[in-house]
Each structure stands twice: as structure tokens, then as C-alpha cells.
Amino acid sequence: MKYLLFIALIIGISSYTAYEKQVWDYLVGDTGLTKAGAAGLMGNLYAESGIQSVIYENAYKPKIGLSDQEYVDWVNSGRYSENDFIYDAVGFGLAQWTYYTRKQALINTCRGQIGDMGCQLRYLKSELAYYFPGVNSLLKSSSSVRDCALKVLFEFENPADQGSGVQNYRVSLAQGYYNTFAGGSSPDPTPTPGPSGNTYTVQAGDTLSAIAMRFGTTVAVLCQLNNIANPNYIYVGQVLRLP
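Residues numbered from 1 in each chain as written. Predicted model: local features only at pLDDT ≥ 70, side-chain atom pairs only at ≥ 80, totals over all residues. Heavy atoms only, no water.

Asks: Please clarify how the overall build of the protein chain should be interpreted in this entry.
Replies: Within the protein chain one finds 13 helices and two strands. Classification of the 243 residues of the protein chain by burial places 47% in the buried group. Restricting the contact set of the protein chain to residue pairs at least 6 apart, pairs at least 24 apart contribute 60%. When the accessible surface of the protein chain is summed, it comes to about 11700 Å², and 51% of that surface belongs to carbon and sulfur atoms. (Helix = DSSP H or I, 4+ residues; strand = E, 2+ residues; numbered from the N terminus. Buried < 20%, exposed > 50% of the residue type's maximum accessible area, 1.4 Å probe, protein only. Contact = heavy atoms within 4.5 Å. Areas by Shrake-Rupley, 256 points an atom, 1.4 Å probe, with all protein chains shown as cover.)

Asks: Looking at this structure, how should I read the state of the cysteines?
Replies: Two cysteines joined by a covalent bond between their sulfur atoms form a disulfide. For the structure shown, the criterion picks out one disulfide. Between the sulfur of Cys110 and that of Cys119 lies a disulfide, 2.2 Å long from S to S. The sign of the -110 degrees torsion about the S-S bond sets the Cys110-Cys119 disulfide as left-handed. Cys110 sits in the buried class, given a relative accessible area of 0%. (Disulfide = S-S within 2.5 Å.)

Asks: Before we go on, may I ask you to explain the environment of Asp147 in this structure?
Replies: The topology assignment puts Asp147 in helix 10 (residues 145–157). As for Asp147 and Gly40, which are separated by 107 residues in sequence, their C-alpha atoms are 7.8 Å apart.

Asks: Teacher, can you tell me more about the nonpolar core here?
Replies: Inside soluble globular proteins, nonpolar side chains tend to come together where they are buried. Grouped together as the largest cluster of nonpolar side chains are 57 residues, with contacts concentrated most on Leu41, Tyr71, Phe85, Ile114 and Leu124. Apart from the residues within four sequence positions on either side, Phe85 is in contact with Tyr71, Val75, Tyr80, Phe92, Lys103, Leu106, Ile107 and Ile114. Counting residues in each nonpolar core, the second largest holds eleven residues, with Leu222, Cys223, Ile228 and Ile234 among its members. (Core = buried A, V, L, I, M, F, W, Y, C linked by side-chain atoms within 4.5 Å.)

Asks: Where do I start with helix 2 (residues 18–30) in this structure?
Replies: One turn of an α-helix holds 3.6 residues; hence residues three or four places apart share an orientation. In a regular helix each residue adds 1.5 Å, so 13 residues correspond to 18 Å; helix 2 covers 17 Å between its end C-alpha atoms and thus fits that length. At the exit of helix 2 stands Gly32, carrying a positive phi of roughly 80 degrees. (Expected span 1.5 Å × (residues − 1).)

Asks: Would you take a moment to explain the packing of helix 2 against helix 11 (residues 164–182) for this structure?
Replies: Axis angle and axis distance: for two packed helices, these are the angle between their axes and the distance between the axes, and together they describe the pair. Packing of helix 2 against helix 11 brings their axes to within 12 Å, and their N-to-C directions diverge by 85 degrees. With respect to each other, helix 2 and helix 11 are oriented roughly perpendicular. Taking contact as the criterion, the partners of Glu20, Lys21 and Trp24 in helix 2 are, on helix 11, Tyr177, Phe181 and Ala182. Looking at the contact of helix 2 with helix 11, its residues break down into four nonpolar, no polar and two charged. (Axes fitted to C-alpha atoms, helices over the stretch in contact; angles between N-to-C directions. Parallel < 35°, antiparallel > 145°, perpendicular 65-115°, else oblique. Nonpolar A, V, L, I, M, F, W, Y, C, P; charged D, E, K, R; others polar.)

Written out as C-alpha cells, the structure is:
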């Protein structure tokens, strides 16, 4: 079923879940994200949780032995203690929050209603604003679905696997949400090289991985061409040679 929804999302569909519409409306209306920003974030959220709030990480279900709803009910009632919830290292909720400081902040915001979608969205908004200002800024200003999806992948979700397959999957999901809710293809501009025709000037929000993807190359090639020792460190205004 999830695979079929993924295919439908890519082409854009008129049918969607109530949760998906709730999340889209909140991200665009209450959080102030651009449509591309909302789509980029939602593509990642779908990859993490299927746009569900009452869900915990499948890998831990045999160990914990609770259904998604039971896990939520136990946390809300205190039968599964706050400390257990905070430190169990189990991904939970819409964004599959895992790290203990993020789960602590989540339960502080949503105590007694930890599985509520509206409360998780409010927490997501505050987390982006206060702890991920670079991601938040891009999602509120960019018209590129691709750039927004990759920014969320690399800096907000930051999963262990960030390879090209994961990147393409999440960008495709994001584009599908854009097609579905914004009513058309993303207005991603064709990147404009520098005056020499084979350079690119780093802009705010850029990552080397995103730049490589936009220009059809790899991080390794860009690092070699530009003598970059740490691919995680580039700066605004840096002029990169392109292959």
C-alpha cells in the first residue's frame, strides 16, 4: 500500500488522507512555509512515518511488545515512564523523533497528548524555528522542492543512510506532494553557472550534496576539483568549479 501511494504521489493525485491535508495546511498556513518548502518537508515526513503521529519505530516493536496505540496510551498514562520514552532511542511520531533532547522537548510540549497530530505539528514548528533556523529559513523562502527536500534530509532528519537512492526517493515524494497540493510541477529554476560557464557561487542554504545533484555530478568530484577536505563545510559566496 505504501508503495502504491508513493507512485501516486509522484504523478500527483486528488485523493489524500485527512492527515496529509492537515499537515499541508498547517505548514503553509500556520508555519509560513512556501509550497515548495512544505512539500520538501512532507516528503521527508512521509519517508519517516507515512505522515502518521501515532507510530513508533518498527524495529523496536518486537522488543517493546506494544502496538502503536498502546505505546502512545502507555506514555500518556505514565505506565511507560517519561524517562523510558525519552531515553529508549526509539523513533516516534510524525518526524520519528529519536534523540533524547528532542523527545524531551516533544513530551514537554505534548504531555498527555503525545500522539496528537496537532500538538506534534506545533512542536515541529517550534523546533524548526528555534533549533534549525537554517532549515526553517530555506523552507520559508525557496521555490525549489529539491533543495528543500535535501535540506530537511541532511540537516533536520539526518538519517544514517543519506545516499543517492534515499535522496532521490525523498525528492520524488516531495515533488508528488507539490503536484498534489500546489497543482502543478515545481518551478525549480535551472541553475545558472557563473560567468565562465563552469562555476557556481554558493548561496545561503546550499549543501555540497545538493549542488552536486543539481549539476549532475558527485560530491567526490566537486571536492577534488575544489580541493575541499571536508564536504560538510562550504560557505556563502564560495565559487566552486564544476566539471
